[in-house]
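Geometric and topological summary
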Amino acid sequence: MWEELQRVLLDRLRAADRLDFSRVTVDASHVQAKRGRSSPKVGPSPVDRARPGSKHHVLTDAHGTPLRVSLTGGHRNDITQLLPLVDGLPAVRGKRGRPRRKPRTLYADRGYDHDIYRCRLRERGIVPKIARRGQAHGSGLGRVRWVAESGIAWLHGPRRLRTRWEARDDMHDAFLQLAHCMTLARKHPAF
């Protein structure tokens, strides 16, 4: 149900000329889990002194509109969700011609710096612009990647998602998908 609603909202946003597929940005955010410690989508966080938590992964367009979101355990590497987010992007209609299925360019931070994933993105016809580890800051990619942080902030607007209180994964994922739908609805001029 959530995917169908998201697809309809994305179609309406594209029809209103509010989506920009020229580039997408991917990022993840860690949320602390108060319950559900034995859940598969809860794990020790490497950034929060091994406290249990989950990660919200988001793929945004050039304006910061979340196109796709997912939930994993806090111990999972960000790169594990790169291809599922890109491949899970639905065909977005709303204008005459072919529906959009993929972006032209993908921007990401150092957490996604793996050459094999660069190759897999190129195989899909997407140009990867991923910061490299070990190089000094100042690559200039931050001027483009900030929209992912903005998309995460939109998703975390409802207090319910800033801290995970649900013991069941499906319940927390449902709240995440609902927040995604609410964000898409807010971005449309008619709503």
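Here is a short report on the structure shown in this document.

The next thing to look at is the environment of Glu4. Structurally, Glu4 can be placed in helix H1 (residues 2–15). Separated by 86 residues in sequence, Glu4 and Pro90 have C-alpha atoms that sit 9.4 Å apart.

Those residues of helix H3 (residues 115–123) that sit buried are Tyr117, Arg118 and Leu121. Projected down its long axis, H3 shows its buried positions confined to an angular sector of 105 degrees, all on one face. Residues of H3 that are buried sit in contact with helix H2 (82–87), strand E5 (105–108) and strand E6 (127–130). Where H3 ends, the next residue or the one after it, Gly125, has phi of about 85 degrees, a positive value.

By the definition in use, this model includes 13 salt bridges. Arg124 is the partner of Asp87 in a salt bridge, and the nearest nitrogen-oxygen pair spans 2.8 Å. Of this pair, Asp87 sits in helix H2 while Arg124 sits in the loop between H3 and E6; the two residues are 37 residues apart in sequence, bridging distant segments of the chain. The residue Arg118 makes a salt bridge to Asp115 at a minimum N-O spacing of 3.1 Å. One end of the pair is Arg118 and the other is Asp115, both in helix H3 and three residues apart, which spans about a single turn.

Turning our eyes to something else, we now look at the side chain of Asp109. As for its position among the elements, Asp109 is in the loop between E5 and H3. Buried charge without a salt bridge: Asp109, with Arg145 as the nearest opposite-charge side chain at an N-O distance of 4.3 Å. When residues no more than four places from it in sequence are discounted, the contact partners of Asp109 are Asp27, Ile130, Ala131 and Arg145.

Phi angles above zero are rare outside glycine, and Asp17 is one such case at about 65 degrees. By secondary structure assignment, the location of Asp17 is in the loop between H1 and strand E1 (23–33).

Core analysis: the biggest nonpolar cluster contains 26 residues, and Val26, Leu82, Leu106, Tyr112 and Leu121 have the highest contact counts within it. Looking at this core, the element that brings in the most residues is H2, giving four residues. With near-sequence residues (within four places) excluded, Val26 lies in contact with Val58, Leu59, Leu82, Leu85, Leu106, Tyr107, Ala108, Tyr112 and Ala148. Formed by eight residues, the second largest nonpolar core is a distinct cluster that contains Val58, Val69, Ile152 and Ala179.

This next bit is on the packing of H1 against helix H5 (residues 169–187). Their axes nearest at 9 Å, the elements H1 and H5 cross at an angle of 15 degrees. Judged by the angle between their axes, H1 and H5 are roughly parallel. The way H1 lies across H5 gives a crossing that is left-handed. Packed against H1, whose contacting residues are Trp2, Leu5, Gln6, Leu9, Leu10 and Leu13, the element H5 presents Ala174, Gln177, Leu178, His180, Cys181, Leu184, Ala185 and Lys187 at the interface. Here the residues of the contact of H1 with H5 sort into 10 nonpolar, three polar and one charged.

Parameters at a glance
- Residues numbered from 1 in each chain as written.
- Predicted model: local features only at pLDDT ≥ 70, side-chain atom pairs only at ≥ 80, totals over all residues.
- Heavy atoms only, no water.
- Helix = DSSP H or I, 4+ residues; strand = E, 2+ residues; numbered from the N terminus.
- Buried < 20%, exposed > 50% of the residue type's maximum accessible area, 1.4 Å probe, protein only.
- Arc of directions from axis to C-beta.
- Contact = heavy atoms within 4.5 Å.
- Salt bridge = Lys/Arg side-chain N within 4 Å of Asp/Glu carboxyl O.
- Lys, Arg positive; Asp, Glu negative; His and termini not counted.
- Core = buried A, V, L, I, M, F, W, Y, C linked by side-chain atoms within 4.5 Å.
- Axes fitted to C-alpha atoms, helices over the stretch in contact; angles between N-to-C directions.
- Parallel < 35°, antiparallel > 145°, perpendicular 65-115°, else oblique.
- Left-handed = near helix turned anticlockwise from the far one by under 90°.
- Nonpolar A, V, L, I, M, F, W, Y, C, P; charged D, E, K, R; others polar.

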